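Architecture at a glance
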Amino acid sequence: MASFPPRVNEKEIGKLLLNLVDHTEVVRDLTFAPDGSLILVSASRDKTLRVWDLKDDGNMMKVLRGHQNWVYSCAFSPDSSMLCSVGASKAVFLWNMDKYTMIRKLEGHHHDVVACDFSPDGALLATASYDTRVYIWDPHTGAILMEFGHLFPPPTPIFAGGANDRWVRSVSFSHDGLHIASLADDKMVRFWRIDEDYPVQVAPLSNGLCCAFSTDGSVLAAGTHDGSVYFWATPRQVPSLQHLCRMSIRRVMPTQEVQELPVPSKILEFLSYRV
């Protein structure tokens with residue numbers, strides 16, 4: 001059986017290795033499993049996600065069905081055990097990537113959901129929607145822990161579900177697990193702390209479409225509709241020892257196991273990101 005990626009010499013660099021053909025509509029997003037397994041998931045307007053094994057010549061392993069409309073984006077949890085997919089019609093789905101089954105549908109948004117990202121410890125999930133909001137979820141329970149609004153006062157569900165000038169286009173978690181960035185149609189990029197309900201910093205950006213933090217979290221890159229990429233130095237803060245310990249614990253313990261720890265309730269709330 002052929003291996004992927006194959007060994008190539010310098011003259012072969014840039015040549016097409018695989019062409020994965022099965023979707024029937026536009027492919028909107030791609031994400032690799034972070035465990036190095038070369039499992040790839042593609043999200044499409046054909047309402048499906050497809051799981052590909054690039055170590056097996058791009059063999060399609062599974063089709064994940066459940067979305068009733070376009071799938072806009074998808075993201076793996078850091079341990080590769082869970083996948084989030086988001087799409088039109090308020091859809092936020094969580095998938096078990098060991099069994100390729102749906103875990104739950106997260107209810108709360110009022111409009112299309114277009115972006116998602118897990119925190120570095122996998123304990124939190126951020127979703128961005130045209131309803132002017134970014135929600136921070138506990139993916140293990142489905143609870144909404146935080147709401148970052150981009151329109152004040154918060155719009156009614158009817159207004160949020162329609163046309164407005166605060167559609168949130170993108171969201172990204174910093175690798176410190178403390179900050180996220182969001183882009184909205186109001187020509188702003190916002191930097192948030194997960195424990196504060198207002199932006200810690202804002203910057204102007206027209207036609208923002210997508211964003212991503214650098215590996216060390218010191219730089220945010222943002223792409224725009226007009227073909228430009230902009231870069232910002234991000235708010236820097238030395239994480240507390242408590243937060244570093246929390247992240248270490250949450251990398252290996254889901255919320256249900258944390259709640260069973262024989263520790264005071266205040267510590268449980270902190271470990272569950274409820275304070």
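Residues numbered from 1 in each chain as written. Predicted model: local features only at pLDDT ≥ 70, side-chain atom pairs only at ≥ 80, totals over all residues. Heavy atoms only, no water.

- Per an unreviewed UniProt entry, the chain carries the name WD repeat and SOCS box-containing protein 1 and comes from Moschus moschiferus.
- What UniProt records for the chain under Function (unreviewed entry) is the sentence "Probable substrate-recognition component of a SCF-like ECS (Elongin-Cullin-SOCS-box protein) E3 ubiquitin ligase complex which mediates the ubiquitination and subsequent proteasomal degradation of target proteins. Recognizes type II iodothyronine deiodinase/DIO2. Confers constitutive instability to HIPK2 through proteasomal degradation."
- In its Pathway (unreviewed entry) section, UniProt records this for the chain: "Protein modification; protein ubiquitination." (UniProt positions renumbered as here; feature names shortened; annotations may be inferred.)

**Comments concerning the layout of surface pockets**
- In this structure, the largest pocket spans a volume of roughly 810 Å³.
- Mapped by element, the contributors of at least two residues to the lining of the largest pocket are β1 (27–32), β5 (71–76), β9 (113–118), β13 (168–173) and β17 (208–213).
- Considered class by class, the residues forming the lining of the largest pocket number 22 nonpolar, six polar and four charged.
- One number sums up the size of the second largest pocket: a volume of about 210 Å³.
- Considering the residues around the second largest pocket, the lining is formed by 16 residues, among which I194, D195, R246, F270 and V275 are closest to the centre.
- Elements that contribute at least two residues to the lining of the second largest pocket include exactly β12 (143–149) and α2 (241–250).
- For the lining of the second largest pocket, the class distribution of residues is nine nonpolar, three polar and four charged. (1 Å grid on protein atoms, 1.4 Å probe; cavity = no way out; pocket = protein on both sides within 12 Å on 5 of 7 lines; lining within 4 Å. Points joined across faces, edges and corners; volume = space filled by probe spheres on them. Helix = DSSP H or I, 4+ residues; strand = E, 2+ residues; numbered from the N terminus. Nonpolar A, V, L, I, M, F, W, Y, C, P; charged D, E, K, R; others polar.)

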